[in-house]
There are 2 protein chains.
Amino acid sequence: MRTIPDIIISRLPVYLRALCYLQEQGYHTTSSKELGEKIGISPAQIRKDLSQFGEFGKQGTGYNVPFLIEKLRQILHVDRVWDVAVIGMGDMGHALARYQGFTNRGFRVAMVFDSDPAKVGERVGDFIIQDAREMVPAIRAAGIRIAMICVPAQAAQEVADKLVEAGVKAILNYAPISLSVPADVHVQYIDPAIGLQRMTYYLD
Amino acid sequence: MRTIPDIIISRLPVYLRALCYLQEQGYHTTSSKELGEKIGISPAQIRKDLSQFGEFGKQGTGYNVPFLIEKLRQILHVDRVWDVAVIGMGDMGHALARYQGFTNRGFRVAMVFDSDPAKVGERVGDFIIQDAREMVPAIRAAGIRIAMICVPAQAAQEVADKLVEAGVKAILNYAPISLSVPADVHVQYIDPAIGLQRMTYYLD
DNA sequence: TAGATTGTTAATCGATTAACAATC
DNA sequence: TAGATTGTTAATCGATTAACAATC
């Protein structure tokens, strides 16, 4: 089986999100044209992307929304619920620990950590903050494969190393620094300042 | 002047972030090779990207770190401080209002809004939460051009419309929905669930 | 000088789009 | 049937990389 380009994979969650939103609004079918207008992607590209994985549409009528949602969930492996660990209970980690937006999208925060003794044992949402020193055994014992890093930049690489040691294979990094990880570990970056700087170039 | 591709612009903030980090660590010069290893981008690409804007390096020695930082700040228009408005004071808006990571990166949160009467008038960080009904005149009067949307999905498009009406030209959208805005308004999306879904495809 | 590294060219590689037969 | 829309092909478009003369 040939490898699907990552740029295609990166668009699938956007399709899935839009389809779920359409479903909530009562749509039962949609077309590549309609979907493309909603999310600003050309109809041809949507059809080409989806065709990498199968024939999900019908000529003349388009795509069945619940069916395509199910297929995309299977493709992206979010037809299950992944446990996620959050490291760093500052404001951002706190917000992620309580984030409602993971519901029905394949994720559930399962444990949260901080290295500050003053925070360890405190409650955040449904969780008791655990000591960061127990991170590796706790994550390994729970079989957790996904983590979010919300610690300061200077601590992020060390945390990433420990997560790798604990068996984590996917990291969502909120710390403003590029991480070094083995090739089989995936990293995505979220940095609001970078998001803003990508736009100020166009402002005068 | 020919238009620089957006994909190049989108890498510049990453270069800038890495250079600032190198500077903190005491580096005075770096090379495209060294920088590329830190951030996982090929040296040729870094040189090609930078060459769109001028000749910033020296053969044999590479780039002067403070000089390149200054140039990138000028290019990205973050050689100043932009005032930013935050709409929606849930956990995420709260975290952004108090976010320390904007400092020295060209941004300062200047005002925050919520539509919940129970929250209006409360304090978050250094700010008093303002009534969302005053959003348009307040943003317009302050000349604010950048905003972050942290409201629920079903309210986000309406908020975006008001921001456009108020003169905002750049929106960082944390709501899990694609926004429709005029062509001269820029939008960047931050959605942790999408970040995670881009990785679970590769996990089994 | 010798070694290192830039900026740039040309070649390669990959992604997007236009167009259309197939068919619901 | 007529209209709509898919999946796919081929053409176009754009981005990345390799290589190297220039030069610090």
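Above this text you will find the structure in question.
Because the structure is a prediction, the values reported are computed rather than measured. The numbers attached to residues start from 1 for each chain and follow its sequence in the written order. Chains and ligands are labelled sequentially in the order written, the chains with letters from A and the ligands with numbers from 1. Predicted model: local features are reported for residues with pLDDT of at least 70 only, side-chain atom pairs are reported and counted for 80 or more only, and whole-chain, interface and lining totals are derived from all residues. Computation of side-chain values: all heavy atoms of the structure, hydrogens and water removed.

Draft legend 1. A look at the protein's contact with DNA strand D. Each residue is tested against the molecule or strand, and it is near if at least one of its non-hydrogen atoms lies within 4 Å. Around DNA strand D there are 24 residues in total, and A:Ser32, A:Arg47, A:Gly57, A:Tyr63 and B:Gln45 lie nearest to it. When the atoms of DNA strand D within 4 Å of the protein are sorted by group, sugar and phosphate make up 63%. A:Glu55 is positioned such that a nitrogen or oxygen atom in its side chain is 3.4 Å from a sugar or linking oxygen of DNA strand D. Note that a base nitrogen of DNA strand D is positioned 3.3 Å from one of the side-chain N or O atoms of B:Arg47. Under the scheme used here, helices are H or I runs from DSSP no shorter than 4 residues and strands are E runs no shorter than 2 residues, and both carry numbers assigned from the N terminus. Of all the elements in the fold, those that place two or more residues in the surface near DNA strand D are α4 (43-51), β2 (57-58) and β3 (62-64) of chain A together with α1 (6-24) and α3 (43-51) of chain B. Within the surface near DNA strand D, the residues separate by chemical class into four nonpolar, twelve polar and eight charged. Counting of polar contacts relies on pairs of N or O atoms within 3.5 Å, with two restrictions inside protein: one atom must be capable of donating a hydrogen and the other of accepting it, and residues adjacent in sequence are counted only when both atoms are side-chain atoms. We call Asp, Glu, Lys and Arg charged. Ala, Val, Leu, Ile, Met, Phe, Trp, Tyr, Cys and Pro are nonpolar, and the rest, Gly among them, are polar.

Draft legend 2. The arrangement of the state of the cysteines in detail. The disulfide criterion used throughout: a pair of cysteine sulfur atoms within 2.5 Å. In the structure shown here, the tally under the stated rule is zero disulfides over all chains. Considering cysteine sulfurs only, B:Cys150 is the nearest to A:Cys150, which forms no disulfide, with 15 Å between them.

Draft legend 3. Inspection of the packing of aromatic side chains at higher detail. Two aromatic rings, drawn from Phe, Tyr or Trp (for Trp, its six-membered ring), form a pair once their centres lie within 6.5 Å of each other, and the interplanar angle then sorts them: stacked below 30 degrees, edge-to-face above 60, tilted otherwise. Within this structure, the stated rule accounts for eight aromatic pairs over all chains. For the pair A:Tyr201 and A:Tyr202, a centre-to-centre distance of 4.9 Å together with 85° between the ring planes defines the contact as edge-to-face.

Draft legend 4. Molecular detail of the protein's contact with DNA strand C. As a structural note, the neighbourhood of DNA strand C is formed by 24 residues, with A:Gln45, B:Ser32, B:Arg47, B:Gly57 and B:Tyr63 the closest of them. Among all atoms of DNA strand C positioned within 4 Å of the protein, those belonging to sugar or phosphate total 62%. One nitrogen or oxygen atom from the side chain of A:Gln45 is found 2.9 Å from a phosphate oxygen belonging to DNA strand C. Between A:Arg47 and DNA strand C, the recorded distance is 3.3 Å, taken from a side-chain N or O atom to a base nitrogen. Of the residues contributing to the surface near DNA strand C, the split by class is four nonpolar, twelve polar and eight charged.

Draft legend 5. View of the relation of the copies chain A and chain B. Least squares is the method used to superpose the copies, on C-alpha atoms of residues holding a pLDDT of at least 70 in both. Laying chain A over chain B is done by rotating through 180° and shifting 0.0 Å along the axis; what remains is an RMSD of 0.0 Å. Taken together, the rotation and translation relating the two chain copies correspond to the operation of a two-fold axis. We call two residues in contact whenever any of their non-hydrogen atoms come within 4.5 Å of each other. Looking at the interface residues of chain A, 100% of them are also at the interface in chain B, so both copies use one shared face.

Draft legend 6. Quick look at the sheet that holds strand β9 (residues 146-149) of chain A. Read across the sheet, six strands follow the order β8-β5-β4-β9-β10-β11 (chain A) without closing on themselves; strand pairing throughout is parallel. Where the open sheet ends on each side, the last strands, each with one partner, are β8 (130-131) and β11 (186-189) of chain A. Whether two strands pair depends on DSSP finding at least two bridges between them. The pairing of β9(A) with strand β10 (residues 170-173) of chain A spans four bridges and is parallel. Bridge pairing in β10(A) links A:Ile146 to A:Ala170. Its contacts with the sheet put helix α8 (residues 153-165) of chain A on β4 (82-87), β9 and β10 of chain A, and the angle it makes with β9(A) is roughly 170°. Here helix α8 (residues 192-200) of chain B sits on the sheet and contacts β4, β5 (107-114), β9, β10 and β11 of chain A; the angle it forms with β10(A), its principal contact strand, is near 155°. Inter-axis angles, ranging from 0 to 180 degrees, are taken between N-to-C directions of lines fitted to C-alpha atoms, where helices are fitted over the stretch in contact.

None of this, on its own, says anything about what the molecule does.
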